[in-house]
Amino acid sequence: MHKEVTLRARQHLPKALLWIRPNGDANMDWNERRTRFREHMEGNTCLRPGSVFDPISARIAEDLGFEIGMFAGSVASLTVLGAPDLIVLTLKEFAEQAYRICRAGNLPLMVDADHGYGNALNVRRTVEELETAGVSGMSLEDTDLPQTYGVDGRAQLISIEEGTAKLKAALDARQDPKLVIAGRTSAAAISGLEDAVTRSKAYEAVGIDAMFFTGLNTTDEIDVVSDALSIPIILGSTPPDLNDFDYLAAKGVRIALQGHTPFLAAVKTVYDTLKDIRNGVLSADLKDRHDPEILKQVTRHETYKRWINEYL
């Protein structure tokens, strides 16, 4: 299905917009992937996105058939800075990494743009930079970030009025109408489900394309927010008993995050491998930790080989 949609879309695109990979897919065309992403959000299924953090992880997700990639702000901070998720990452650093992910393949990318890196004016800039970077969707949250003095790590929310104004700014800054802009709230875990519904309805009224919730843990809570909204829903990491994707789809959930295990697993593998080498294990005895053929695939070795033969 993925390839059929891609090939149909390509028939209507100017050749100058297409960079063709050996497998026939279009690349470096933000419009085509945004079309697929929006079609999914307006459809009737719920997907698990592939949690990605760099070009190779994005290619792996695409090669394995993931329809959507997810690049989280927390993972960006870990990947780019090696720092915890405390909003010390800058917009430029986040947008640059998002661009590297987008240009590596043809995977529609949803990103967590945190609080938009400041006030409503900063939100405008965030949308401009991420749209240019090629993302297909982004969420903007109403958490009061970065952490303010004296709150001792307790999450706080901005007012509904400020959250609404920031989303208005985001929608106004958008140039490509196919780019999906979602509001996001963690109110369910901070101020309660009623406040989460109030906020989401106010944000929906502004004209956002979807609503992203974190902190929903029961089907009763899903039922409440689903009944309150008419726009698609995105869920943060859900507990195991909320992994009935047919039920979620019926409730308007189009994306359900499954955590960011790929990055965590990569860190653990690198740590264990370096520890073994430090302790005297020979690299030749660690061949089970890597696969040269997979590396060739995800670095597009054959493509570069063809280019060398053609141009050099």
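Note that this is a predicted model, so its numbers are computed, not measured. (Residues numbered from 1 in each chain as written. Predicted model: local features only at pLDDT ≥ 70, side-chain atom pairs only at ≥ 80, totals over all residues. Heavy atoms only, no water.)

### A word on empty space enclosed by the protein
No. 1: With the rule as written, the count across this model stands at three cavities of 30 Å³ or more.
No. 2: For the largest cavity, the calculated volume is near 60 Å³.
No. 3: Lining the largest cavity are Leu-140, Glu-141, Asp-142, Ile-158, Gly-163, Lys-166, Leu-167, Arg-184 and Tyr-203.
No. 4: When contributions to the lining of the largest cavity are tallied by element, the ones reaching two or more residues are strand 6 (137–141) and helix 7 (160–173).
No. 5: Ranked by residues supplied to the lining of the largest cavity, first place goes to helix 7 with three residues.
No. 6: Grouping the amino acids of the lining of the largest cavity by side-chain chemistry returns four nonpolar, one polar and four charged.
No. 7: Approximately 40 Å³ is the volume found for the second largest cavity.
No. 8: Along its surface, the second largest cavity is lined by Gly-73, Ser-77, Asp-85, Ile-87, Val-88, Leu-89, Asp-114 and Tyr-117.
No. 9: Each residue belonging to the lining of the second largest cavity can be placed in one class, and the counts come to four nonpolar, two polar and two charged. (1 Å grid on protein atoms, 1.4 Å probe; cavity = no way out; pocket = protein on both sides within 12 Å on 5 of 7 lines; lining within 4 Å. Points joined across faces, edges and corners; volume = space filled by probe spheres on them. Helix = DSSP H or I, 4+ residues; strand = E, 2+ residues; numbered from the N terminus. Nonpolar A, V, L, I, M, F, W, Y, C, P; charged D, E, K, R; others polar.)

### Here we look at the nonpolar core
No. 1: In this structure, Leu-109, Leu-130, Val-135 and Phe-213 are the most contacted members of the largest nonpolar core, which totals 56 residues.
No. 2: If one sorts the elements of this core by residue count, helix 5 (residues 91–103) sits on top with six residues.
No. 3: By size, the runner-up hydrophobic cluster in this structure holds 13 residues, among which are Phe-37, Met-70, Ile-234 and Ile-255. (Core = buried A, V, L, I, M, F, W, Y, C linked by side-chain atoms within 4.5 Å. Buried < 20%, exposed > 50% of the residue type's maximum accessible area, 1.4 Å probe, protein only.)

### Overview of the confidence of the model for the protein chain
No. 1: Mean pLDDT over the protein chain: 91, with 91% of residues reaching 70 or higher.
No. 2: When the criterion is pLDDT under 50, residues 1–26 qualifies, and its contacts beyond four places in sequence or with other chains add up to 42 contacts. (pLDDT = per-residue confidence, 0-100. Contact = heavy atoms within 4.5 Å.)

### Quick notes on the packing of aromatic side chains
No. 1: Applying the stated criterion across every chain, the model contains five aromatic pairs.
No. 2: Geometrically, the ring pair formed by Trp-30 and Tyr-99 is edge-to-face, given 6.4 Å between the ring centres and 85° between the ring planes. Pair noted here: Trp-30 is in helix 2 (residues 30–41) and Tyr-99 is in helix 5, with a separation of 69 residues, a long-range link.
No. 3: Both rings, one in Tyr-304 and one in Trp-307, keep their centres 4.9 Å apart while their planes meet at 75°; by these two values the pair is edge-to-face. (Phe/Tyr/Trp six-rings, centres within 6.5 Å; stacked < 30°, edge-to-face > 60°.)

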